[in-house]
Structure formats: C-alpha cells, structure tokens
Amino acid sequence: MPERPPSQGHTPWPGGPGGDPFEDPARAGAPGGGRATTRARAAEAAEPAPAGRRAARRARAAEASGQRGARTRARVVKGIAGAAAVAAGCMFLLRGSEALSGIGGISALGSLGSLGGDRHGPAPAAVDAPDPGRVLQIVAHPDDDLYFMNPDLRYSIAAGHPVTTVYLTAGEADGINATEGRQSTTPPNKPAYAEARQNGIRAAYAQMATGDRASAWKRTVVPTKGGGQAEVDVLVAKPEVNLVWLQLREAGTVYDSAPDSLHGLWDGKTAALGAQLSSGTPVKQRFSYSKDQVVRTLVGVLEQYKPTTVRTQDPTPGRFPDTRKYTDHQDHFYGARFVQAALAAYAKDVDAKDRPHFAVQNYLGYSNGSLPSALGPDEAKEKLDILDTYAWLDKQNHCGSDAGCGDLKVADHPAGNGWTSTVNYARGTGTSWLTSDKEHGLWAFKVLDGQVALWHRSGPIGAWSGPRLLPGTGMDPGAATVTLPDGRIAVFGTRTSFGARPAEYRREVVYCVQKGPGTEEFGDWQSLGTPETSDENWTSDISAPAVAVDGSGQPAAYVRDGAGTLRGRVQSANGSWGPWTSYGGADLHGTPVAATDGAGRRMVFAATTKSVVGWVQPKPGAPLGRATPTGLPDTTLPLTAEGREGGVRLWFRKPGSGNVRTALVTGDGGLKVNHLTDLGGLQGFGSVTASGHVLAGRSAGGLLGSGLGPGRPWERSPLMFVGAPSSTMTGRNLVSLAVVGLDARLYVTSSADDADAHLAPWLPVGPRNAER
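This one's a predicted model, so the numbers in the text were calculated from it and none came from an experiment. (Residues numbered from 1 in each chain as written. Predicted model: local features only at pLDDT ≥ 70, side-chain atom pairs only at ≥ 80, totals over all residues. Heavy atoms only, no water.)

**Student:** Sorry, what's going on with the nonpolar core here?
**Tutor:** Where a protein is soluble and globular, its nonpolar side chains tend to be buried together. The biggest cluster of nonpolar side chains holds 60 residues, and the ones touching the most others in it are Leu146, Ile157, Ile201, Tyr205, Trp455, Trp464 and Leu746. Looking at this core element by element, the count peaks at 6 residues for helix α6 (residues 190-210). Discounting residues that sit within four places of it in the chain, Ile201 has contacts with Pro142, Asp143, Asp145, Leu146, Tyr167, Leu243, Trp245 and Tyr390. (Core = buried A, V, L, I, M, F, W, Y, C linked by side-chain atoms within 4.5 Å. Buried < 20%, exposed > 50% of the residue type's maximum accessible area, 1.4 Å probe, protein only. Helix = DSSP H or I, 4+ residues; strand = E, 2+ residues; numbered from the N terminus. Contact = heavy atoms within 4.5 Å.)

See the structure below:
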C-alpha cells in the first residue's frame, strides 16, 4: 500500500528558520479531569464477544461480587485529630481531579532535543497539595504498555496525571494485520500494520482518558536530539496525555538472532538501525540511528518531558533453565537497556537545578504468564477491556484509516498469555527502606536519579532533611536496610554498569554502611559481586538482595539467581564476606525476603509458581539450612517478612483476588507454618508492609490502602506511589509509614501502636519536586 499524503503538519524546530516556536497544546487546555469511564467496551457495543468468553467473564464477575459481599474486611486508615504540630501545616487532601489543582500542564513538546520552555505552569496553590508528578513510559512495542504496565497506566490517566508513552519501535512484525484464520490469505504490509497498531493504541488511550475511543488527537512531527524525527500525538480532550513514536525497526523474532534490531545495535552487530515508518505517520524523513543516537534521542525526550516517574521494561529477564531461551522478547529488555543508558546520561549531563528528581519502575514482561494472577477480577476485566479496544474486535472503521483501527493479530486472544490478569514489578518490591534508630529518628532510602536518596528526621519531633543523594551512580530501583549490632545502618541494593562492549554490562550487589550511629555520613559503596558468571549466562538476572542480621551479629545478603535458586553471602566477625554459596531451591521468582526470629535465627523465604519455599538457621551463627517447602498455597510474587511473635510472620496476596494473607512461621524443629489467615483488603496488588498493628499496600485504583487492626475496614489514602510502601516501629509504641509519590517526593505518616489508634495526616518531606 503506498504511503498516504500527511493530513497533519510538520512542526519546525522551535525558534528555527521558517517557523514560530511550537505551541504547547498542554497549556491550551486545563489539565486534570476525573476518572475516565472504561467499563463499556466499544467492541461489545457493536459486535459481542464470543458467547463462551462473555459467559465466562460474567461468571467471574458474579463470583467476585459474591466474594466481596461475604468477605469481612479487617483494617482501616483514618485521620488523627490533634496531629503533631510538625505536620499541622503540611497536611493535605487529594480527591479525584483535584490532583492537578494549582499545578500547570507540562511543557509538552517543542523539539524533543530542546532544553527550553516553561516547565512549571501556574504558581502552585498555597496549600502544600501533592504534586501529581509527570509519568513517562518507554516501551519497545505498541501494546507492551497495555499488557505489562496496566493497571498503573490507567490509574495515572484516570487521576489526571500527565502521562507520556514513548514507543521505540514501529512494531511492524511480519506486516500481516489479520486474525489467525486469515493470516495465510492476507498480504504483508509493514507500514500499514504499524499504522493499525498506532490506531489501536490511540483508541485505547482515548478510551482510558475520555471513555470515547474515537476522541481526537493532534499529530505532529518533531525533530529529535538523535538527528531523526518523531511523531508526537496529543489527546485534544486531555492534552496531558501524549504518545511519542520513534518508529525504529523491530527484531521480528522473540529469541532468534536478528542483527538489524535493538539487540544488534546494542551489541555492535549493526552500526545503525533504520526507521520503519507507518503508512499514516506525518513523519516522512528517512533516518537511522546509531547506538549513541538512540541514547541521545531518549535523553532529549527526558529533557523535554522532565518526568518524576519513569516506567520501563525489565532489562535483565533471564533465560529458561531448560532451553536457555530468553524469558522475554529481546526488544523488550534491550530497549530497557537503552533506557537505562539514557537515564544515566540524563542524570549525569543535565544539572539537577534544571530537572526534577525521578524514580524508576521496571515491569516484568512475558514471564507474567507463568506466574499466579496478581489482579482481582474487576481490575483484570478493566485491563482486558482496554486490550479489546486495541485489538479492534468490532472492526468498525472508527478511525477512518484504510490500514485498520487496531491490531487483529491479538483479536483472537486479547488477554495474551494471561497477561491481562496480572502485573508484576521486576524490582523495587522491598519494604525495608524505612527504618528508625534508638533515638526514635527516622531514615528513608529510595533510589532517585540512579542514586540512593536519603531522608532523615532526627528524634521523634526533629526536622526532616533530604533528599540527599549518596555518592555512587547506576543504582537499580529498590534499597534494603538493616541495623547492625553497634547501631549503624547498612543499606543494600544492586548496581548496573555498562561500557562500550556488550560483555561490560554487569549487575552486582553493593552495600554501604553508616559511619556512626545517628550520622548522615555513609561510607563508600562496596561490592559483593554477583553469583552469575556473565551477562550472556543469565542476562545478569539477579534479584534485589534480602538482608538480615542473626543473633550472633552476622549480616547476610541473599539473592535469587538467574537459574531460579537461592544464593547468599555471609559476613564474618572480622568484616570479611564469605563466597557466594548455593542454598538450592527451584523455580524461585521475584525477590526473596529475610528476617530474624525470636531465637536470633535468620529465616529466608522465596515465592515459586506453586507455593513458598523457606530456609532457616538451626542456630545463630550456623549456616543456613536446606530449602524446605512451607506447604503454603500459591501466592502472588511480593512477600513481606517480619520477626515477631517468636517466629517470622509472612504477608502476601491471594492470587486472582488481591486479598492480603498472613501466616506465622516458626523454626523450632524445622520450619512450620501456623494459622494461615485471609485478611481481606481492597483487591490491590504488589507488596504489603507491616509494622505493629499497621498494614498497608497498593489497593485497587492505585491508591495506598491501609489498615490499623482486626475488625476495622480497609480504607484508601489519597496517595499514588512508586514501588512499595515501607513501615517501621519508632520506639515501642509508634508506627511510621512512608511512600514515595509519583512526584518522587517522600510522604510519611505515623500511628500509635494501639488497637484504637488512627493515622496522622500525611507529611510531605522536602521541597516540591515540581518546582525544579
């Protein structure tokens, strides 16, 4: 099919020859807006789904409704009257579209290589309301965001957050846009198939944002910092929603060697990767990018949109132990490595005064299909509805394109390989990043700008400081803390480094230690290395470390390796670390957790696709025992462990519901699970943090759901956040709880450790990130 003449115009470089500066469409309309209506599928309105699938969905919905009616919710969050004076001036409320009250729209476009422009909008309101932040997603293909980043994507759009998604490749595949039965009789047309996928993405985003899949877009050509051009689409009704199409060629194969691809470009098998322009794009310039030009192009996108939260795919998914094939599409994780390189360059080269802090969230890809479903039935249905729109089930030409209005390749199976029923973070699921000291001070550690950020409150009512970035770059999302016997805090994480050669890509476990109890000074990062021999072995697939100190004072760090087994290193009394030791296990997924029981024994737990495996020391100072089945039922990936009640208590989610469960594990005479209990909840997903009587985690809708005791219902707080929440006991009778919002800002609250207590108003810490 010949390319059609563009119906949209080319935008000159701002201030360049022959044109005026680009008019920012995000400032032309008011930002904000309430929750979009997404439940009514356009596809079902015109042509119902097959009867079997429709009946199954109705049955699941009816079952879920019955379960919700019968379930007793167990916990609550409420505001506390008479909060501490420290927090009184900083309390806030956030409801629906008020998320953007007093916050201007982003400076959306101009040139993607431009540094200039008004990035702040109107002055903020007098009340210190939370900045909604700016979310930037970068994925390899059209639909990776819908399959692997939803429902986070939908939550952000519904709350009115500025959201931009960047697509690295055109996703042209073999060029055949047809259902399975018509593949053999449909001629290939790569430009047209790329256009159909674009049309499907625009329809899906319009449905999420406005409830109308046919809502109009403004499509523009923008020069990139890498020397090519990108198409940028702005949703007219919600101009804070943007799509950026870089339109590079995709690999065309999941596993096999394809030198003309992101993988080949990263490894140096090709010097430049060309564009595959869609038939409907206003971009007409032919271009290709070197490896460095792809990185510079992405840096230009970051400079323009100035995100506070960056969502990207998993750069180290690993391989299957039996076939040695990748567990994810090569475009997914090599695309994510380009994002890693661009984020490192952006953080290094753009002065912190000219950009906000940013947090990063990585998402699992294809491997989601083999893991227990993390979403409840309502969330899963909402996610499937969006994929149905993208798949163009009714085949009505609502987009006015000869190429088609969606991706018919997925129309037979819009749920993919179970992907619409789940979502999993590749990193950042740990809940031990907030800790306290003997003076009742608080310490928070999260990764911002590729460095570990420190926030500190001295004493129970001292002033907060931070964020202060600890020296050392390349840190992956997620940090874990332990308190050493002498009262110093040790921080553990992983660090990624890469150089000019592919073999120089490396992920390793690192840690740093406080120079003295109570001081904000920490020593240099020290490397514990990695149990993997090379990136080519398991694509550097090690988890974040789980850390615990036993009763003899020995710290130990444990990771899940690329083969799905447990490895660990233990520090001896003289400060040296033993070698990476194999502790066995099989089919381990996610990040293990560790805690110490009442007898001072370290316990370690890891989730499998079927259950949970545990390890325990026979006594403090002894080697970790063998892998032991716990007999627990299957659970979604993130586990939380805390030493209490003489043993170690685990918290996790029930698959397919989002309900929180808990069990006490004791170690006398070997691991024993006691009293598995379903606590109910808000049908969310992801990690749960627990300290004292407080329990908190992500709820349906993406907000923080919390509870304060048996017999009290769950309740949502106003906060959307990155990664996992964290909590800690502050002294004997106070629980502190913290999250990092989508604005990359720390928010903290507290509660007396009492059955009738309530949470204090949330306190934002540090300057508003939007002011940068």
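Having seen it, we continue.
**Student:** What am I meant to see in the confidence of the model for the protein chain here?
**Tutor:** Low pLDDT marks regions whose predicted coordinates should not be analysed in detail. Across the protein chain, the average pLDDT comes to 85, with 83% of residues at or above 70. Within the model, pLDDT remains below 50 along residues 1-128, and this stretch shows 261 contacts once partners closer than five positions in the same chain are excluded. (pLDDT = per-residue confidence, 0-100.)

**Student:** Is there a simple way to think about the state of the cysteines in this case?
**Tutor:** Applying the stated criterion across every chain yields a total of 1 disulfide. In this model, Cys399 is linked to Cys405 through a disulfide, with the two sulfur atoms separated by 2.1 Å. Between Cys399 and Cys405, the disulfide has an S-S torsion of -90° and is therefore left-handed. By relative accessible area, Cys405 is classed as buried at 0%. (Disulfide = S-S within 2.5 Å.)

**Student:** Looking at this model, I keep getting lost on helix α8 (residues 291-305). Mind explaining?
**Tutor:** Residues spaced three or four apart along an α-helix point in a common direction, a consequence of the helix completing one turn every 3.6 residues. Its 15 residues give α8 an end-to-end C-alpha distance of 22 Å, which sits within 8% of 21 Å, the value for a rise of 1.5 Å per residue. Counted residue by residue, α8 has 11 buried out of 15 residues, so it is predominantly covered. Along α8, the positions that sit buried rather than exposed are Val294, Val295, Thr297, Leu298, Val299, Gly300, Val301, Leu302, Glu303, Gln304 and Tyr305. Once α8 finishes, Lys306 follows within two positions and takes phi at roughly 50°, a positive value. (Expected span 1.5 Å × (residues − 1).)

**Student:** I would appreciate a short explanation of unusual backbone geometry in the present structure.
**Tutor:** It is generally the case that most residues other than glycine have a negative phi and that most peptide bonds are trans. Between Asn150 and Pro151 the backbone carries a cis peptide bond, its omega angle lying at 15°. Along the chain, the position of Pro151 falls in the loop between α4 (144-148) and α5 (152-158). The step from Gly466 to Pro467 runs through a cis peptide bond, and the omega angle for that step is 10°. Positionally, Pro467 belongs in strand β13 (residues 464-469). Non-glycine residue Thr539 carries a positive phi angle of around 50°. Position of Thr539 among the secondary structure elements: in the loop between α11 (535-538) and β18 (546-549).

**Student:** Explain the side chain of Thr481 to me, please; I cannot follow it from the model alone.
**Tutor:** Residue placement: Thr481 occurs in strand β14 (residues 480-483). Within the local environment of Thr481, its side chain forms a polar contact with the backbone oxygen of Ser432, the two atoms lying 2.6 Å apart. When residues no more than four places from it in sequence are discounted, the contact partners of Thr481 are Ser432, Trp433, Thr435, Phe445, Ile489, Ala490 and Val491. (Polar contact = N/O pair within 3.5 Å; in protein donor to acceptor, adjacent residues only side chain to side chain.)

**Student:** I keep staring at the pattern of salt bridges and nothing clicks. Help me out?
**Tutor:** Between side chains of opposite charge, pairing is possible as soon as their charged atoms come close. Applying the stated criterion across every chain, the model contains 30 salt bridges. Asp541 is the partner of Arg560 in a salt bridge, and the nearest nitrogen-oxygen pair spans 3.3 Å. Here Arg560 is found in strand β19 (residues 555-560), whereas its partner Asp541 is found in the loop between α11 and β18, with 19 residues between them in sequence. Each member of the pair Arg560 and Asp541 is classed as buried. Of the charged contacts in the structure, one is a salt bridge between Arg661 and Asp678, with a shortest N-O distance of 3.9 Å. Taken together, the positions of Arg661 in strand β28 (residues 660-666) and Asp678 in strand β29 (residues 672-680) put the pair 17 residues apart, joining distant regions of the chain. Accessibility expressed as a relative area gives 14% for Arg661, which makes it buried. For Asp678, a relative accessible area of 36% translates into the label partly exposed. (Salt bridge = Lys/Arg side-chain N within 4 Å of Asp/Glu carboxyl O.)

**Student:** Explanation requested: the pairing of strand β12 (residues 451-457) in the structure shown.
**Tutor:** Here is the key point about a regular strand: its side chains alternate between the two faces of the sheet. Of all 7 residues in β12, 7 are buried, a share of seventy percent or more. Relative to β12, strand β11 (residues 442-448) runs antiparallel, the two sharing 7 bridges. Bridge pairing in β12 links Leu448 to Gln451. As consecutive antiparallel partners, β11 and β12 are separated by 2 residues, and within that stretch Asp449 has a phi angle of approximately 60°, a positive value. Note: β12 against β13, 4 bridges, orientation antiparallel. Bridge pairing links Arg457 to Trp464 in β13. Between β12 and the antiparallel strand that follows it, β13, lie 6 residues; Gly459 among them carries a positive phi value of about 70°. (Pairing = 2+ DSSP bridges.)

**Student:** Just to check I follow, could you spell out the layout of surface pockets for this structure?
**Tutor:** Once rolled over the atoms, a probe with the size of a water molecule shows which space is left empty. Of the pockets and cavities examined, the largest pocket occupies roughly 1,200 Å³. Lining the largest pocket are 47 residues; nearest its centre among them are Ser432, Thr481, Val482, Ala594 and Ala641. The set of elements that each furnish at least two residues to the lining of the largest pocket consists of β10 (434-436), β14, β15 (489-497), β18, β22 (589-596), β26 (640-644), β30 (688-691) and β34 (726-729). Considering each element in turn, the lining of the largest pocket owes the most residues, 6 residues, to β22. Residues belonging to the lining of the largest pocket are distributed by class as follows: 22 nonpolar, 21 polar and 4 charged. (1 Å grid on protein atoms, 1.4 Å probe; cavity = no way out; pocket = protein on both sides within 12 Å on 5 of 7 lines; lining within 4 Å. Points joined across faces, edges and corners; volume = space filled by probe spheres on them. Nonpolar A, V, L, I, M, F, W, Y, C, P; charged D, E, K, R; others polar.)

**Student:** Please clarify how the packing of aromatic side chains should be interpreted in this entry.
**Tutor:** For any two aromatic rings, the description comes down to two numbers: the centre-to-centre distance and the angle of the planes. Scanning all chains against the criterion turns up 22 aromatic pairs. Between Phe148 and Trp419, the aromatic rings sit 5.3 Å apart at their centres with planes inclined by 65°, giving edge-to-face as the arrangement. In this pair, Phe148 is assigned in helix α4 and Trp419 in the loop between α10 (377-390) and β10, connecting sequence segments 271 residues apart. The pair formed by Phe148 and Trp419 is uniform in burial state, with each residue classed as buried. Ring geometry for Tyr558 against Tyr583: centres 5.8 Å apart, planes inclined by 65°, an arrangement best described as edge-to-face. Taken together, the positions of Tyr558 in strand β19 and Tyr583 in strand β21 (residues 581-584) put the pair 25 residues apart, joining distant regions of the chain. Judged by its relative accessible area of 13%, Tyr583 is buried. Joined through ring pairs, the aromatic side chains of Tyr147, Phe148, Tyr366 and Trp419 make up one cluster. Sitting above the plane of the Tyr346 ring, Arg355 keeps its charged end 5.6 Å from the centroid. The cationic tip of Lys409 hangs over the ring face of Tyr193; the distance from NZ or CZ to the ring centre is 5.6 Å. (Phe/Tyr/Trp six-rings, centres within 6.5 Å; stacked < 30°, edge-to-face > 60°. Lys NZ or Arg CZ within 6 Å of the ring centre and 35° of its normal.)

**Student:** Hey, could you run me through the sheet that holds strand β5 (residues 241-248) in this one?
**Tutor:** Hydrogen bonds between backbone groups are what pair the strands of a sheet, and the pairing can be parallel or antiparallel. One open sheet accounts for 7 strands, arranged β3-β4-β5-β2-β1-β8-β9; its pairing is mixed. What marks the edges here is a single partner per strand, and that holds for β3 (217-223) and β9 (359-363). Here the average twist between neighbouring strands, direction ignored, is 20°. Summarising the sheet, β3 and strand β4 (residues 229-235) pair through 7 bridges and their orientation is antiparallel. Within the sheet, the bridge partner assigned to Trp217 lies in β4 and is Leu235. Sheet strands touched by α8: β1 (135-139), β2 (163-169), β4, β5 and β8 (309-313). Its angle to β5, the strand with the most contacts, is close to 170°. Contacts from helix α9 (residues 330-349) reach β1, β2, β8 and β9, with the element oriented near 150° to β8. (Axes fitted to C-alpha atoms, helices over the stretch in contact; angles between N-to-C directions.)

**Student:** What should I look at first to understand the environment of Leu704 in this one?
**Tutor:** Among the secondary structure elements, Leu704 is positioned in strand β32 (residues 703-707). The class for Leu704 is buried, based on a relative accessible area of 0%. A sequence separation of 15 residues divides Leu704 from Leu719, and the C-alpha atoms of the two residues are 5.6 Å apart. Not counting chain neighbours up to four residues away, the residues in contact with Leu704 comprise Ala696, Gly697, Ser699, Glu715, Arg716, Ser717, Leu719, Phe721, Pro725, Leu737, Val739 and Trp762.

**Student:** How should I be thinking about the sheet that holds β18 in this particular structure?
**Tutor:** Read from one edge to the other, the open sheet built from 4 strands follows the order β18-β19-β20-β21, with strand pairing classed as antiparallel. Of all strands in the sheet, those bounded by a partner on one side alone are β18 and β21. Neighbour-to-neighbour, the strand axes of this sheet turn through a mean angle of 30°, independent of strand direction.

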